[in-house]
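# Observations on the model geometry
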Amino acid sequence: MTARPRAILFDWDNTLVDTWQVIHAALVPTFELMGMTPWTLEECRQRVRGSARDEFPKLFGARTEEATQHFYRRFEATHLELLRELPGAGALLAGLARQGFYLGVVSNKRGTTLRKEAAHIGWDGHFRRLVGATDATRDKPAPDPVLLALADHAAGAPDESVWFVGDTDIDMLCAVNAGCLPVLLRPEPPAPGEFAGCMPRLHLPDCRALAELLVR
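Residues numbered from 1 in each chain as written. Predicted model: local features only at pLDDT ≥ 70, side-chain atom pairs only at ≥ 80, totals over all residues. Heavy atoms only, no water.

### Re the overall build of the chain
Across its full length, the chain holds nine helices and eight strands. Computed over its C-alpha atoms, the radius of gyration of the chain comes to 17 Å, within 12% of the 17 Å expected for a compact globule of 216 residues. If one aligns the C-alpha atoms of the chain with their principal axes, the spans along those axes are about 50 × 35 × 30 Å. Among the 216 residues that make up the chain, the fraction classed as buried is 49%. A separation threshold of at least 6 residues defines the contact pool for the chain, and within that pool the share at least 24 residues apart is 63%. (Helix = DSSP H or I, 4+ residues; strand = E, 2+ residues; numbered from the N terminus. Rg over C-alpha atoms; globule rule 2.2 N^0.38 Å. Buried < 20%, exposed > 50% of the residue type's maximum accessible area, 1.4 Å probe, protein only. Contact = heavy atoms within 4.5 Å.)

Okay, structure coming up:
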């Protein structure tokens, strides 16, 4: 078995909380406003990876600012109401915090929104730092937000004793870029060729499985 970590960083959306419905509900009218065909929910699941800061200019070009404002207006209107804990996530975080693990979040969700959601669901006390998009100089998959998330950790630069837990290729790539151990947390195992250059070192199907591995 891989050695127990000294610190654990989590992705947020669809690693600890289920937010696909609210993301999709905000993207559909944004695409319509831009005169574009909206993505289906499944297309949203497959394509949403980077932060709005990185991805919206590719999608919306000169109308990026308008699209960003519209998206966040729609998102902010419903995200707390629709926020749902993924099965076992709360118990996992409580158990890890109780055992003294250094815990942080590295998300491509806007930082102010991330911290509002963590407070709303009652988890903000578990984490030393919650780092979202635009909090660091660059967003995931750059290593900058990982370094920021570990800024309160006394053990120095990240290495494979820091686990980065997420559900997508951008999380695994961020882990590799920062020197962390990439841990894939989702029901589906890695597909052939899905993680070229950033293969997960561990795959666990859900939060309960991670708790079984680490919480004693």
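On we go from here.
### Looking at helix α1 (residues 20–33)
Given a rise of 1.5 Å per residue, 14 residues ought to cover 20 Å, and the 20 Å separating the end C-alpha atoms of α1 matches this to within 8%. Along α1, the positions that sit buried rather than exposed are Trp20, Val22, Ile23, His24, Ala26, Leu27, Pro29, Thr30 and Phe31. Elements that come into contact with the buried residues of α1 comprise β2 (17–18), α2 (41–47), α3 (52–60) and α4 (64–82). In the stretch just after α1, Gly35 is the one whose phi turns positive, near 75°. (Expected span 1.5 Å × (residues − 1).)

### Details of helix α5 (residues 89–98)
Here α5 has its buried residues at Ala89, Gly90, Leu92, Leu93, Gly95 and Leu96. Among the residues trailing α5, Gly100 stands out with phi positive, at a value near 90°.

### Things to note about the packing of aromatic side chains
Per the stated rule, a full pass over the model turns up six aromatic pairs. For the ring pair Phe31 and Trp39, a centre distance of 5.0 Å and an interplane angle of 50° mean the geometry is tilted. Here the two residues Phe31 and Trp39 agree in accessibility, since each one is buried. Geometrically, the ring pair formed by Phe71 and Tyr72 is edge-to-face, given 5.2 Å between the ring centres and 80° between the ring planes. A single burial state applies to Phe71 and to Tyr72, both of which are buried. An aromatic cluster is defined as three or more aromatic residues linked by ring pairs; in this entry it consists of Phe31, Trp39, Phe56, Phe60, Phe71 and Tyr72. (Phe/Tyr/Trp six-rings, centres within 6.5 Å; stacked < 30°, edge-to-face > 60°.)

### Focus: the packing of α3 against α4
Between α3 and α4, whose axes approach to 9 Å, the crossing angle comes to 120°. Accordingly, the angle class assigned to the pair α3 and α4 is oblique. Classified by chirality, the crossing of α4 by α3 is right-handed. For the pair formed by α3 and α4, the contact residues are Ala52, Phe56, Pro57 and Phe60 on the first element and Thr64, Ala67, Thr68, Phe71 and Tyr72 on the second. Its residues placed into classes, the contact of α3 with α4 shows seven nonpolar, two polar and no charged. (Axes fitted to C-alpha atoms, helices over the stretch in contact; angles between N-to-C directions. Parallel < 35°, antiparallel > 145°, perpendicular 65-115°, else oblique. Left-handed = near helix turned anticlockwise from the far one by under 90°. Nonpolar A, V, L, I, M, F, W, Y, C, P; charged D, E, K, R; others polar.)

### Considering the side chain of Thr64
Position of Thr64 among the secondary structure elements: in helix α4. Engagement of the side chain of Thr64 in a polar contact is seen with the backbone oxygen of Gly61, the distance being 2.6 Å. Not counting the four nearest positions on each side in its chain, Thr64 is found in contact with Phe56 and Pro57. (Polar contact = N/O pair within 3.5 Å; in protein donor to acceptor, adjacent residues only side chain to side chain.)

### Overview of the packing of α1 against α4
When two helices pack together, you describe them by how their axes are tilted relative to each other and by the distance separating the axes. Running from amino to carboxyl end, α1 crosses α4 at an angle of 155°, the nearest separation of the two axes being 8 Å. The orientation of α1 with respect to α4, classified from their angle, is roughly antiparallel. Judged by the sense of rotation from one axis to the other, the crossing of α1 with α4 is right-handed. Together, Val22, Ile23, Ala26, Leu27, Pro29, Thr30 and Leu33 of α1 and Glu66, Ala67, His70, Phe71, Arg74, Phe75, Thr78, His79 and Leu82 of α4 make up the contact between the two elements. Broken down by class, the residue content of the contact of α1 with α4 amounts to 10 nonpolar, four polar and two charged.

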